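The chain contents come next:
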Amino acid sequence: MAPLLGILAPLQFVNDHVLRLGRSIAVVAMALMVVVILIQVFFRYILNNALPWPDEAARFMMLWMTGLIAASAYRRGGFVAIDMVENILPRPFASLLSIALLLLSLLVLVVGLKLGWSHVNGGWLFNSSSLKLPLEWLGFGTVRVKLAWMYMSLFVGLVLLTAVNIELILRALITFGGRGHDLRPIPGDDVAGAE
């Protein structure tokens, strides 16, 4: 089990810090999404003149928020799980079932990574219909945002989920091997990242 603990320690360290940053960025994305939606409500219903970009900008923020926060929820057991079978099995069999399900999840995530990467690469061909960077303020022209930046949220989320899944597999194997007492607890810090 010592080699597994040796692999787990740096992975857990990286996950701790990357996921903390992801949670912080996700909070900012959520706040920006709310502001953009409120701007659109004001322009659409008060001024009766809807803006073309807020709907897509809010969707952009929602996708990135989801991609960046999903791995933290998965790591802390925040995803919906049907654990009736696991609860009625004897502990060793329940542990083996948990490891098997984590390995199956890893397989699904690897397939998702391949598909996500293809989707991101295809997104460089297309521009957003309404999102533009107003670079004329800096003396350049307006640049339309490529859809790949939106699609990248899926790929980044899958990368983070894969890293967490590998960490959870290592933790499950170490626990199954009787060394669960050597595991450092998964941090339960707030969304802003303070411990």
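Keep in mind the model is a prediction, meaning the values are calculated, not measured. (Residues numbered from 1 in each chain as written. Predicted model: local features only at pLDDT ≥ 70, side-chain atom pairs only at ≥ 80, totals over all residues. Heavy atoms only, no water.)

Participant: Got a minute to help me understand the packing of aromatic side chains in this structure?
Facilitator: Here the distance between the centres and the angle between the planes together describe a pair of aromatic rings. Counted by the stated rule, this structure contains four aromatic pairs. When the ring of W117 is compared with that of F155, the centres are 5.1 Å apart and the planes differ by 50°; the resulting orientation is tilted. With W117 in helix 4 (residues 91–123) and F155 in helix 5 (residues 148–176), this residue pair connects regions lying 38 residues apart in the sequence. Note on W117: relative accessible area 46%, which makes it partly exposed. Each ring, one from W124 and one from W149, has its centre 5.2 Å from the other, and the planes form 90°; the classification is edge-to-face. One end of the pair, W124, is in the loop between helix 4 and strand 1 (127–133); the other, W149, is in helix 5, and 25 residues separate them in sequence. Relative accessible area serves as the criterion here: at 42%, W149 is assigned to the partly exposed category. (Phe/Tyr/Trp six-rings, centres within 6.5 Å; stacked < 30°, edge-to-face > 60°. Helix = DSSP H or I, 4+ residues; strand = E, 2+ residues; numbered from the N terminus. Buried < 20%, exposed > 50% of the residue type's maximum accessible area, 1.4 Å probe, protein only.)

Participant: Mind showing me how you'd approach the packing of helix 2 (residues 54–75) against helix 5 here?
Facilitator: Angle between the axes and distance between the axes: these two values describe a pair of packed helices. Look at helix 2 against helix 5: their axes get within 8 Å of each other, and the N-to-C directions meet at 5°. By the angle between their directions, the pair helix 2 and helix 5 is classed as roughly parallel. Listed contacts from helix 5 to E56, F60, L63, W64, G67, L68, A70, A71, Y74 and R75 of helix 2 are W149, M150, M152, S153, V156, G157, L160, L161, V164, N165, E167 and L168. For the contact of helix 2 with helix 5, the per-class residue count stands at 15 nonpolar, four polar and three charged. (Axes fitted to C-alpha atoms, helices over the stretch in contact; angles between N-to-C directions. Parallel < 35°, antiparallel > 145°, perpendicular 65-115°, else oblique. Contact = heavy atoms within 4.5 Å. Nonpolar A, V, L, I, M, F, W, Y, C, P; charged D, E, K, R; others polar.)

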